[in-house]
Amino acid sequence: MLDESLLDSPEGLAEADHRGLLRGAAEAGARVRTAARHAAEAGINDLKPDGRPRGVLIAGPGAAATHAADLLGTLAGAGSPVTRLAPTGVAPAAGALRWELPGWVGSVDLLLITTPDGTEPGLSLLAEQAYRRGCTVVAVAPSRSPLADAVNGSHGLFVPMATAPYDQDEPFAASAPGVLWALLTPLLALLDRAGVLTAPPDALGKVADRLDRIAERCGPAIATYSNAAKTLAAELADALPIVWTEGVSAGPAGRRFAAALAELSGTPAVVAELPEALAAHSALLAGPLAASADPDDFFRDRVEEAPALHARVVLLRDRPIGGLTAAPGARDLALSHDTPISELEPEAGDELETLAELIAITDFAAVYLALASRA
């Protein structure tokens, strides 16, 4: 059950936020600036690559590496395919994970290693394996970590992860906002220099500014009625989120939102891109999860019995897409099954800015849902 009164209590939210999730969301813009500075100090802005890499591989534990690969792959397009290396192991613990390079990897490829830990033996072994293959290695991880020594010893490029003083006292959540931007920003700067995507320093500055504006609009001091993130969190209480995305940038934002809901608040969600989502989820909306499928029993004990779980569509659109939009069809399908729908569409801007706005608002929403549902 969601304690909606907690949403409008900044003091109560701060007391419930044992993992510093709200602070991480509010400081996302600052993390981008710090990470961009670390990238510049590491020499990324002065690189003069011979050409674009044939392929880009990303390795790292958990959701952080998955989201980074998804976002970078979307921005890069088909020119230099971005591939995430999935780990193997007997347990999800960092020491039990191992990564292997595909057989085709060689000197014309680029390996990116991202981790908020840096102590994983498997990643150090991967860096050494890439060095033997002649593959260029770039890593973003906490400074003075075993991975830093391994990458430097393999003649790779190491960029210290942008951290805050309180990070040492709180365990990292892989879907936490600060973790994503701290790991992603140096990789954006690097791939811009390599010609894989477009993310020059001024574009990263605009991303940081957009994240700051969202933090002002969605912060804990802003009341629910004028706070898009708190409103979305309240709407998703006791609901199964059906996340539909439209537009290139909205896809990875929707997938990250579903992962953040699961990890931070324990809320399951399904996600799909329009227009395919209309066919993929039509049976779901017509089934027992539809709001009209199991009307609320007037005689139900509202104190002892939890309310029935019903679907709610969350439509994320990165920008208007001319006349080719499936949004009207999405609204019609949802409402024809008495399924409520929430919509988010960012302000105008370049692809990185609109992507950052969708991620920031949904990050705040996932955090608010996590804090208010555990009160």
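Residues numbered from 1 in each chain as written. Predicted model: local features only at pLDDT ≥ 70, side-chain atom pairs only at ≥ 80, totals over all residues. Heavy atoms only, no water.

### Comments concerning the sheet that holds strand S10 (residues 310-317)
Move 1: Spatially, the four strands line up as an open sheet ordered S9-S8-S10-S11, and their pairing is parallel. Only two strands of the sheet have a single partner each, and these edge strands are strand S9 (270-273) and strand S11 (341-344). Ignoring which end each strand starts from, the neighbouring axes of this sheet average 20° apart.
Move 2: Inspection of the sheet shows strand S8 (residues 239-246) paired to S10 by eight bridges, in the parallel sense. Note on S10: the bridge partner recorded for Trp-244 is Leu-315.
Move 3: Lying over the sheet, helix H10 (residues 228-235) contacts S8, S10 and S11, oriented at roughly 160° with respect to S11. (Pairing = 2+ DSSP bridges. Helix = DSSP H or I, 4+ residues; strand = E, 2+ residues; numbered from the N terminus. Axes fitted to C-alpha atoms, helices over the stretch in contact; angles between N-to-C directions. Contact = heavy atoms within 4.5 Å.)

### A look at the pattern of salt bridges
Close approach of charged atoms lets side chains of opposite charge pair.
Move 1: Per the counting criterion, the structure on display carries 16 salt bridges.
Move 2: As a salt-bridge pair, Asp-212 and Arg-33 come within 2.7 Å of each other at their nearest N and O atoms. Pair noted here: Asp-212 is in helix H9 (residues 201-218) and Arg-33 is in helix H4 (residues 28-41), with a separation of 179 residues, a long-range link.
Move 3: A residue is classified by how much of its surface remains accessible, and Arg-33, at 35% relative accessible area, is partly exposed.
Move 4: Salt bridges linked by common partners bring Arg-210, Arg-217, Glu-347, Glu-353 and Glu-357 together as one network. (Salt bridge = Lys/Arg side-chain N within 4 Å of Asp/Glu carboxyl O. Buried < 20%, exposed > 50% of the residue type's maximum accessible area, 1.4 Å probe, protein only.)

### So, the nonpolar core
Move 1: Counting 85 residues, the largest nonpolar core has Leu-72, Leu-112, Trp-181, Leu-188, Phe-257 and Phe-364 as its most contacted members.
Move 2: Here the element with the most residues in this core is helix H15 (residues 351-373); it accounts for 16 residues.
Move 3: With 21 residues, the next largest nonpolar core counts Leu-101, Ile-113, Leu-126 and Val-151 among its residues. (Core = buried A, V, L, I, M, F, W, Y, C linked by side-chain atoms within 4.5 Å.)

### Points about the sheet that holds strand S2 (residues 82-85)
Move 1: Strand order across the open sheet formed by five strands is S2-S1-S5-S6-S7, with parallel pairing between neighbours. Each having just a single partner strand, S2 and strand S7 (157-160) make up the two edges of the open sheet. Recorded for the sheet is a direction-independent mean angle of 20° between the axes of neighbouring strands.
Move 2: Those strands touched by helix H8 (residues 177-193) are strand S1 (56-59), strand S5 (110-114), strand S6 (136-141) and S7, and its axis lies near 160° from that of S5.

### Notes on the pairing of S5
Move 1: Taking burial as the measure, the five residues of S5 include five buried ones, the bulk of the element.
Move 2: A two-sided burial pattern is seen for S5, the buried positions comprising Leu-110, Leu-112 and Thr-114 on one face and Leu-111 and Ile-113 on the other.
Move 3: In the sheet, S5 pairs with S6 via five bridges, with the strands oriented parallel. Bridge assignment links Leu-112 to a residue of S6, and that residue is Val-138.
Move 4: After leaving S5, the chain enters helix H6 (residues 121-133) and then returns to the sheet as S6, a path that is right-handed. (Right-handed = clockwise from strand over helix to strand, strands pointing away.)

### Here we look at the pairing of S10
Move 1: Burial analysis of S10 places eight of its eight residues in the buried class, the great majority of the element.
Move 2: The side-chain alternation of S10 yields two buried faces, one formed by His-310, Arg-312, Val-314 and Leu-316 and the other by Ala-311, Val-313, Leu-315 and Arg-317.
Move 3: Across four bridges, S10 lies against S11 in parallel orientation. Bridge pairing in S11 links Val-314 to Ser-342.

### Describing the environment of Glu-120
Move 1: Topologically, Glu-120 is positioned in the loop between S5 and H6.
Move 2: Residue Glu-120 is classed as buried on the basis of its relative accessible area of 2%.
Move 3: In this structure the C-alpha to C-alpha distance between Glu-120 and Arg-317, which are 197 residues apart in sequence, comes to 37 Å.
Move 4: A distance of 2.6 Å separates a polar atom in the side chain of Glu-120 from a polar atom in the side chain of Thr-115. (Polar contact = N/O pair within 3.5 Å; in protein donor to acceptor, adjacent residues only side chain to side chain.)

### A look at the packing of H9 against H15
Move 1: The geometry of H9 relative to H15 is characterised by a closest axis approach of 9 Å and an angle of 35° between their N-to-C directions. When the axes of H9 and H15 are compared, the crossing they make is right-handed. Along its contact with H9, which presents Ala-203, Lys-206, Val-207, Arg-210, Leu-211, Arg-213, Ile-214, Ala-215, Arg-217 and Cys-218, the element H15 presents Leu-352, Glu-353, Thr-354, Ala-356, Glu-357, Ala-360, Ile-361, Phe-364 and Tyr-368.
Move 2: Among the residues making up the contact of H9 with H15, the classes are represented as twelve nonpolar, one polar and six charged. (Left-handed = near helix turned anticlockwise from the far one by under 90°. Nonpolar A, V, L, I, M, F, W, Y, C, P; charged D, E, K, R; others polar.)

### What to know about the side chain of Asp-109
Move 1: Note that Asp-109 resides in the loop between strand S4 (97-98) and S5.
Move 2: Residue Asp-109 is classed as buried on the basis of its relative accessible area, which comes to 2%.
Move 3: Within the structure, Asp-109 has its side chain in polar contact with the backbone nitrogen of Gly-106 (distance 2.8 Å).
Move 4: With residues up to four places along the chain from it excluded, the contact list for Asp-109 reads Arg-54, Gly-55, Leu-57, Trp-104, Cys-135 and Thr-136.

### Points about unusual backbone geometry
Move 1: The omega torsion across Leu-274 and Pro-275 is 5°, close enough to zero to call that bond cis.
Move 2: Positionally, Pro-275 belongs in the loop between S9 and helix H12 (276-280).
Move 3: For His-155, which is not glycine, the phi dihedral falls at a positive 60°.
Move 4: As for its position among the elements, His-155 is in the loop between helix H7 (146-153) and S7.

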